[in-house]
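A structural walkthrough
Listed below, chain by chain, are the residues.
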Amino acid sequence: MRISVQAEAFDPGAEVNAFTATCAEAAAANVGAIVTFSGLVRADDGMQAMEIEHYPGMTERAITEIAETAQRRWSLGDVLVIHRHGRLTAGEVIMMVAAAARHRKDAFEAAEYLMDYLKSRAPFWKKELGPEGADWVAAKDADEDALKRW
Amino acid sequence: MRISVQAEAFDPGAEVNAFTATCAEAAAANVGAIVTFSGLVRADDGMQAMEIEHYPGMTERAITEIAETAQRRWSLGDVLVIHRHGRLTAGEVIMMVAAAARHRKDAFEAAEYLMDYLKSRAPFWKKELGPEGADWVAAKDADEDALKRW
Amino acid sequence: MEVLYFAWVRERIGIPKERVESSAATVNDLIAELKAREPRYEAAFADLSALRVALNQELSEFDAPLAGVREVAFFPPMTGG
Amino acid sequence: MEVLYFAWVRERIGIPKERVESSAATVNDLIAELKAREPRYEAAFADLSALRVALNQELSEFDAPLAGVREVAFFPPMTGG
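Right, let's walk through the structure included here. (Residues numbered from 1 in each chain as written. Chains lettered and ligands numbered in written order. Predicted model: local features only at pLDDT ≥ 70, side-chain atom pairs only at ≥ 80, totals over all residues. Heavy atoms only, no water.)

1. A few points about the interface of chain B and chain A
Contacts between chain B and chain A engage 38 residues on the former and 38 residues on the latter. Buried area between chain B and chain A, summed over both chains or domains, comes out near 3,000 Å², and the portion from carbon and sulfur atoms is 55%. Seen at the junction of chain B and chain A, the total is four salt bridges. B:Asp143 is paired through a salt bridge with A:Arg104; the nearest N and O atoms lie 3.0 Å apart. Listed by contribution, the elements that provide at least two residues to the side of chain B that touches chain A are helix H1 (12-24), strand S2 (33-40), helix H3 (104-121) and helix H4 (141-146) of chain B. (Contact = heavy atoms within 4.5 Å. Buried area = accessible area lost by both parts, 1.4 Å probe. Salt bridge = Lys/Arg side-chain N within 4 Å of Asp/Glu carboxyl O. Helix = DSSP H or I, 4+ residues; strand = E, 2+ residues; numbered from the N terminus.)

This is the structure we're talking about:
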């Protein structure tokens, strides 16, 4: 399990390959399915950049707990969570998760679970910086509702 | 949309980065979510290698139709399907799909749809080569049942 | 028409494809003709529930007509992904 | 105890954190004390349904007791991912 909360940009491809290589090793030979999700800054409504604030200390704890719960629930081969904070511009990768399991159903479900909980239970707050000024992104009811399926 | 049926190994990380870069460009600025799936050869029961047979011509047609149906159903930013054939050893990446959409729900659903149809409707056949000899992998009822949700 | 075999169907029949002259009206008729030829065809087509058929590279049914079909392929259920 | 503010709560109150001496028994009591201080606190805590609270870096409830709590954080619903 690797969890990183960082301001720096990361290379999603290099992360995917490192994660896959770990799973392909002898110890993790039981892995047949890897699902990844990455989130990008959309250039909606002329949005130029985004500022992501977080709660140092709690962020890592909250993500670790989410990832550990996923591991218990789906017996995953491995889990990866990377989430950036600070200033990001349109097209940049905000975050990614990866889940490895024996079969695809578990890997898909675990990745969706990680995403649903990261959205609403990890202490990050997005502020959009557009031509009209800055606005905090409002939490969506749909994201809160998404937790009910788990 | 890119579809490749190939004997050669591919670099999942490089594919993820190329796919992400396309989505991050101006034309695809509407993409906020990318889901990828990759399938690995598991070293189950001392399995050493796998031989994947396919139906040249029909394979490309079938995958194109599956990908186009997914694009119509979820209005995806982009779709990628790579599937290898020939001999693969334990730990090797057999195939990957990627789906890009505005929101995560569509990207997850489209990637799962692509996988469910690739499993049972694209003309590939797997033969496992183990210490006891070679065996064709039997299709699973669960994979056929998985199509019913779509 | 061209008849193709894949996976264990190919192994049982012993060849990946062959040219077949036939006036069979449907896939089922063609299968009956092939089974009458030799035991290896009989063995390959013994259980149709374990087989799939594609006509001109499109998945089809065993009662489908063969009019206009240039390529028939027989194979077990697919196991991709 | 240490009280932290994030996102628009931080902006309304004007500081990211402060040390608060309080004998408030619950989070609700602490909020009442803060609101009584100055209009900017009144503004920040006007609508509790738009706020979340964490005690010692764990999400909690507004009626939770503050005994043993060293760090209280107030913020809007989270928008990660």
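2. Thoughts on the packing of aromatic side chains
Tallied over the entire structure, the rule returns 24 aromatic pairs over all chains. Taking 4.9 Å as the distance between ring centres and 50° as the angle between the ring planes, the aromatic pair formed by A:Trp125 and D:Phe75 counts as tilted. Placement of the pair is A:Trp125 in strand S7 (residues 124-130) and D:Phe75 in strand S5 (residues 71-75), with the two residues belonging to separate chains. As far as burial versus exposure is concerned, A:Trp125 and D:Phe75 are alike and both buried. An aromatic cluster is built from A:Tyr55, A:Trp125, D:Phe6 and D:Phe75, whose rings are joined through pairwise contacts. It is C:Arg37 that lies over the ring of C:Tyr41; its NZ or CZ is 5.3 Å from the centre. (Phe/Tyr/Trp six-rings, centres within 6.5 Å; stacked < 30°, edge-to-face > 60°. Buried < 20%, exposed > 50% of the residue type's maximum accessible area, 1.4 Å probe, protein only. Lys NZ or Arg CZ within 6 Å of the ring centre and 35° of its normal.)

3. Some remarks on empty space enclosed by the protein
Going through the model one piece at a time under the given rule, you end up with one cavity of 30 Å³ or more. In this structure, the largest cavity encloses a volume near 30 Å³. Along its surface, the largest cavity is lined by A:Val16, A:Ile34, A:Thr36, B:Val16, B:Thr36, B:Phe37, B:Ser38 and B:Met96. When residues of the lining of the largest cavity are traced back to their parent elements, those giving at least two are strand S2 (33-40) of chain A together with S2 of chain B. For the lining of the largest cavity, the leading source of residues is S2(B), giving three residues. (1 Å grid on protein atoms, 1.4 Å probe; cavity = no way out; pocket = protein on both sides within 12 Å on 5 of 7 lines; lining within 4 Å. Points joined across faces, edges and corners; volume = space filled by probe spheres on them.)

4. Points about the nonpolar core
If you look at the biggest cluster of nonpolar residues, it comprises 70 residues, and the most contacted ones within it are A:Val97 and B:Val97. Those residues in contact with B:Val97 that lie beyond four places of it in its chain are B:Val35, B:Thr36, B:Phe37, B:Leu80, B:Val81, B:Ala111, B:Leu114, B:Met115 and B:Leu118. (Core = buried A, V, L, I, M, F, W, Y, C linked by side-chain atoms within 4.5 Å.)

5. Things to note about the pattern of salt bridges
Applying the stated criterion across every chain yields a total of 30 salt bridges over all chains. For D:Glu2, the salt bridge identified is with D:Arg19, shortest N-O distance 3.4 Å. One end of the pair, D:Glu2, is in strand S1 (residues 2-5); the other, D:Arg19, is in strand S2 (residues 17-19), with 17 residues separating them in the sequence. When its relative accessible area of 24% is taken as the criterion, D:Glu2 is described as partly exposed. One salt-bridge network, held together by shared partners, links A:Arg104, B:Asp116 and B:Asp143.

6. Some remarks on the relation of the copies chain B and chain A
Each of the two chain copies goes to the other by way of a rotation about an axis and a shift along it. Once chain B is rotated about the relating axis by 180° and shifted along it by 0.0 Å, it coincides with chain A to within an RMSD of 0.0 Å. Both chain copies can therefore be described as sitting about a two-fold axis. Residues of chain B ranked by C-alpha distance from the rotation axis are headed by B:Gly13, positioned 1.7 Å from it. Of the interface residues in chain B, 100% have counterparts in chain A that sit at the interface too, so the contact is made through matching surfaces. (Least-squares fit on C-alpha atoms with pLDDT ≥ 70 in both.)

7. As for the interface of chain B and chain C
Each side of the interface is counted separately: chain B has 26 residues, and chain C has 21 residues. Carbon and sulfur atoms supply 55% of the area that chain B and chain C bury against each other, a total of about 1,900 Å² over both sides. Run the count over chain B and chain C and you get three salt bridges. Across the pair B:Arg61 and C:Glu58 runs a salt bridge, and its minimum N-O distance is 3.2 Å.

8. Re the sheet that holds strand S4 (residues 58-60) of chain D
One open sheet accounts for five strands, arranged S2-S1-S5-S3-S4 (chain D); its pairing is mixed. A single partner strand is all that each edge strand has here, and the edge strands are S2 and S4 of chain D. For this sheet the average axis-to-axis angle between neighbouring strands, irrespective of direction, equals 25°. Where strand S3 (residues 52-55) of chain D meets S5(D), four bridges bridge the pair, whose relative direction is antiparallel. Directly across from D:Leu55, in S5(D), lies its bridge partner D:Val72. Set on the sheet, helix H2 (residues 58-74) of chain A makes contact with S3, S4 and S5 of chain D; between it and S4(D) the angle comes to about 85°. Of the strands in this sheet, S1, S2, S3 and S5 of chain D are in contact with helix H2 (residues 27-37) of chain D, which crosses S5(D) at around 70°. (Pairing = 2+ DSSP bridges. Axes fitted to C-alpha atoms, helices over the stretch in contact; angles between N-to-C directions.)

By themselves, these figures tell us nothing about what the structure is for.
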